[in-house]
Amino acid sequence: FLPNNIVQPPTMRAYLPCLLITVSLHHQVSVSSTTWQPIPLAFAAGGFGGGGRGESAKGSKKKKKSKTKTAGGGGGPKKNILTPEGRIEYIKKRVAAADVSSVAKLALTNTADGQIALDIDPNAIAVVDNFLGNSLITAMRAEAESLLPKMVPSQSTRWDEETQTVVPYEKKGVLSIQLEGGAAGYEASPRLVEYVVALTSQLSYKLNQLLPDAYHLAGDEQTNKLAVCLGDGSYYDKHIDNLGGTDDAGDRRKLTALLYIQPPDSHDGQPSFPNESLEDDPRGGYFRAYDIPEMGDVTCIAPRGDRLIMFWSDSLVHDVSASFAPNGDADRRWALTIWFIADKKGVIRATDAAIEERHFGTGIGTG
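Every value quoted in this text rests on a predicted model; they were computed, and no experiment measured them.

Colleague: What is the right way to read the packing of aromatic side chains from this model?
Modeller: Aromatic ring pairs are defined here through the distance separating the ring centres and the angle between the ring planes. This model, assessed by the stated rule, comprises two aromatic pairs. Arranged with centres 5.3 Å apart and planes meeting at 65 degrees, the rings of Tyr215 and Trp312 form a pair that is edge-to-face. Here Tyr215 is found in the loop between helix 4 (190–208) and strand 9 (217–229), whereas its partner Trp312 is found in strand 14 (residues 308–312), with 97 residues between them in sequence. In this structure Tyr215 comes out as buried when scored by relative accessible area, which is 4%. Between the aromatic rings of Phe287 and Phe311, the centroid separation amounts to 5.3 Å while the plane-to-plane angle is 50 degrees, which identifies the pairing as tilted. Of this pair, Phe287 sits in strand 12 (residues 287–290) while Phe311 sits in strand 14, placing them 24 residues apart in sequence. For Phe311, a relative accessible area of 1% puts it in the buried group. A cation over a ring is seen here: Lys238 above Tyr290, with NZ or CZ 4.3 Å from the ring centre. Sitting over the ring of Tyr236, Arg333 keeps its end group 5.7 Å from the ring centre.

Colleague: I'm lost on the packing of helix 2 (residues 134–146) against helix 4 in this one. Help?
Modeller: A pair of packed helices is characterised by two quantities: the angle between their axes and the separation of those axes. Relative to each other, helix 2 and helix 4 sit at 115 degrees, their axes nearing to 8 Å. Note on element contacts: helix 4 touches helix 2 through Pro190, Arg191, Leu192 and Tyr195, opposite Leu136, Ala139, Met140, Glu143 and Ala144. Tallied by class, residues from the contact of helix 2 with helix 4 come to seven nonpolar, no polar and two charged.

Colleague: Looking at this structure, I do not really get the sheet that holds strand 15 (residues 318–324). What am I missing?
Modeller: Spatially, the four strands line up as an open sheet ordered 10-15-12-13, and their pairing is antiparallel. Of all strands in the sheet, those with a lone pairing partner are strand 10 (232–239) and strand 13 (298–301), marking the two edges. Direction aside, neighbouring strands of the sheet carry axes that sit 15 degrees apart on average. Two elements, strand 10 and strand 15, share four bridges in a ladder whose sense is antiparallel. Residue pairing in the sheet places Asp232 in a bridge with Phe324 of strand 15.

The rules we used
Residue indices begin from 1 for each chain and proceed along its sequence in written order. At least 70 in pLDDT is required for a residue's local features to be given in this predicted model, at least 80 for side-chain atom pairs to be given and counted, and no such filter applies to totals for whole chains, interfaces and linings, which use all residues. Side-chain numbers come from the whole structure's heavy atoms, not from hydrogens or water. Planes of paired rings set the category: under 30 degrees apart is stacked, over 60 is edge-to-face and the rest tilted, where pairs are Phe, Tyr or Trp rings (Trp by its six-membered ring) whose centres lie within 6.5 Å. Strands here mean DSSP runs of E at least two residues long; helices mean DSSP runs of H or I at least four residues long; both are numbered from the N terminus. Only protein chains enter the calculation, and the probe is 1.4 Å; a residue is then buried if its accessible area is under 20% of its type maximum, exposed if over 50%, and partly exposed in between. Remark: a charge is flagged as sitting over a ring if the NZ atom of Lys or the CZ atom of Arg is within 6 Å of the ring centre and within 35 degrees of the ring normal. Every axis corresponds to a line fitted to the C-alpha atoms, with the helix fit spanning only the stretch in contact, and the corresponding angles, defined between N-to-C directions, vary from 0 to 180 degrees. Contacts are assigned to residue pairs that have any heavy atoms within 4.5 Å of one another. For this classification, Asp, Glu, Lys and Arg are treated as charged, while Ala, Val, Leu, Ile, Met, Phe, Trp, Tyr, Cys and Pro are nonpolar and the rest, including Gly, are polar. Pairs of strands are assigned from DSSP output, requiring at least two bridges between the strands.

Any link to function would need more than the numbers given here.
Structure below.
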């Protein structure tokens, strides 16, 4: 299913709240607990070069620098994204060029013992437009749509007043699937799998250069979800992706990276971030970030094609406004989310009690 000359990747570990598996270079799977069931999430089968530090794999041949412009937003296909190796190198370059510094913004925050400290802003957010360029994002959209028959109703959790417990529920009009590697997964959606592998490795390395140890991300761990809002008023309730859990058995999701897989011209002529509003587009599906820029404010972010949004999984309160598809399938809101995992030094924030009470009362949920 892959060309024999594609360089094998480093080991990839995939984390899920109920599953932790390790995939070796030889596609062997070891499960950390007999109570968890393995799934074939063998991203190693994607066959990609490069390690977790943004370096080329040993033995790979150096290529001459191309004079072809590779910045996002370009029109036709480019020679260097026609092969798996070329696409991986292209994504690495796009990550290197992206301005992600705002996700490392500092702010005065409350500590667990009631003190005030200068720390990474829990509501820091970064928005990168024209991230991958027209050709690649269009091909990824086609792959995403081909997976629609395999997708299932997307689930989340919320507080149930009657039972006084956290219960799962199906999101209205939202379908999702976790992307898998291995032979079958790669054959079904090679560009999507390549993107997951490359972004996990390269973005974690880049951010770790900017962040203190408590925010460091693993370069070989992730979990992901490809989701589509079907356009019949589909929405996401207000939530925080990760409500806590600081040991290996808990939820270790630290950073969320959300890529909109819409047509590149999906919101042409409309206001740009951070001046977007729900009134700009009847299709809706806006990402709404609460308490940004100040407490009580709401910042709306359009699901603009080829837009990457990054924020802290363990702190940002957000939701998605109702989504509609007046022109049929082309208007459906597609998003590929990668959750980056805190490394061994990383710390998951405890949810601030005041924020929890102000936004949720007893009805807090997770993404």
